[in-house]
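So you can see what is in the structure, the chains are spelled out below.
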Amino acid sequence: MNITTLKKRFIAADTPLYNMYMQLNQFLVELNKKKIPDSIVNQINKEVEELNNITDSDGLQKLVKQKQSILVRLLEKELKMVPINYYRNLWIALGMTAFGIPLGVAFGASLGNFALFALGVPVGLAIGLGVGMQLDKKALKEGRQLAVEMKY
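Counting restarts for each chain, with residues numbered from 1 along the sequence as it is written. With the structure being a predicted model, the display of local features is reserved for residues of pLDDT at least 70 and the display and counting of side-chain atom pairs for 80 or more, all residues being used for whole-chain, interface and lining totals. The side-chain numbers reported here are obtained from all heavy atoms of the structure, hydrogens and water having been left aside.

Draft legend 1. Representation of the overall build of the chain. Of regular secondary structure, the chain possesses five helices and two strands. The way it works is that DSSP assigns letters per residue, a run of H or I at least four long becomes a helix, a run of E at least two long becomes a strand, and they are numbered from the N terminus. Listing every helix and strand of the chain by position from the N terminus yields α-α-α-β-α-α-β. Its C-alpha atoms give the chain a radius of gyration of 19 Å, clearly above 15 Å, the size a compact globule of 152 residues would have. In terms of principal-axis extent, the alpha carbons of the chain reach across some 60 × 35 × 25 Å. Per-residue accessibility, obtained with a 1.4 Å probe over protein chains only, is compared with the maximum for each type, and a residue is labelled buried under 20%, exposed over 50%, and partly exposed between these values. Taken across its 152 residues, the chain has 35% of its residues classed as buried. Working rule for contacts: check all heavy atoms of both residues, and any pair within 4.5 Å makes them a contact. The long-range fraction of contacts in the chain, counting pairs at least 24 apart against all pairs at least 6 apart in sequence, stands at 73%. Carbon and sulfur atoms make up 60% of the accessible area of the chain, which amounts to about 9,000 Å² in all. One finds the centroid of the 19 positive side-chain charges in the chain at a distance of 5 Å from the centroid of its 13 negative side-chain charges. For the radius of gyration, the atom set is restricted to C-alpha positions; the globular benchmark scales as 2.2 Å times the number of residues to the power 0.38. Computed with a 1.4 Å probe, the accessible areas rest on the Shrake-Rupley method; for each residue, only the protein chains presented here act as cover. His residues and chain termini do not enter the charge count, which takes Lys and Arg as positive and Asp and Glu as negative. Positions of charges follow a simple convention, taking NZ of Lys, CZ of Arg, CG of Asp or CD of Glu.

Encoded structure:
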């Protein structure tokens, strides 16, 4: 069973919507190269058909972004399949919030100067970057990484 691709639309080139639309289409093309269970293919096709059936271009950018997020999360959850730098991007945010802020508070409280609170954020960023890059390498090594990066 094949994954449906996005229907051709007239979208001005080099606009955020065009870039996002082409990125999602490339994502779907890459998925067609992988062996994916029919139940997941049906879910993906349902989301793509909803997008293809939209006739009004108002709000299309928001809908493309929403469908893209739904599809990436579905693949990560069900098949552990991710785009390039997925874990890096996820763990940078997690590192800053889960590690950086608490470390900053600890630095500030222990040294009695809450201006040192800002030191924790780059430390958390570095931790998150390291963890995310390791998970991305592992996904690539195991063949779970798609040859597309979600930039938009």
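Draft legend 2. Structural view of the nonpolar core. Side-chain atoms within 4.5 Å link the members of a nonpolar core, which is a set of buried Ala, Val, Leu, Ile, Met, Phe, Trp, Tyr and Cys residues. Counting residues in each nonpolar core, the largest one holds 31 residues, and the members touching the most others are Phe27, Leu28, Leu31, Ile44, Val64 and Leu75. Of all elements in the fold, only helix 1 (16-32), helix 2 (38-52), helix 3 (60-79), helix 4 (86-111) and strand 2 (145-149) reach the threshold of two or more residues within this core. Once residues lying within four places of it in the same chain are set aside, the contact partners of Leu31 are Ile3, Ile36, Ile44, Leu75, Met81 and Leu146.

Draft legend 3. Structural context of the environment of Lys80. With respect to the helices and strands, Lys80 occurs in the loop between helix 3 and strand 1 (82-84). Given a relative accessible area of 42%, Lys80 falls into the partly exposed group. Among all residues touching Lys80, those that are not within four sequence positions of it are Leu75 and Arg144.

Draft legend 4. How the structure looks around unusual backbone geometry. Positive phi, close to 60°, is recorded for Lys80, a residue that is not glycine. Here the phi dihedral of Asn85 falls at roughly 65°; this positive angle occurs in a residue that is not glycine. Mapped onto the secondary structure, Asn85 falls in the loop between strand 1 and helix 4.

Draft legend 5. Broad picture of helix 5 (residues 120-141). A helix is expected to span 1.5 Å for every residue after the first. The end-to-end C-alpha distance of helix 5, which contains 22 residues, comes to 32 Å, matching closely the 32 Å that a straight helix rising 1.5 Å per residue would cover. All buried positions along helix 5 are accounted for by Gly120, Gly124, Gly128, Gly132, Asp136 and Ala139. Angularly, the buried residues of helix 5 cover 120° about the axis, an arc narrow enough to put them on a single face. Exposed and oriented more than 90 degrees from the buried face of helix 5 are Lys137, Leu140 and Lys141. Starting at the helix axis, one direction is taken to each C-beta atom, and the arc is that of these directions.

Keep in mind these values describe shape, not function.
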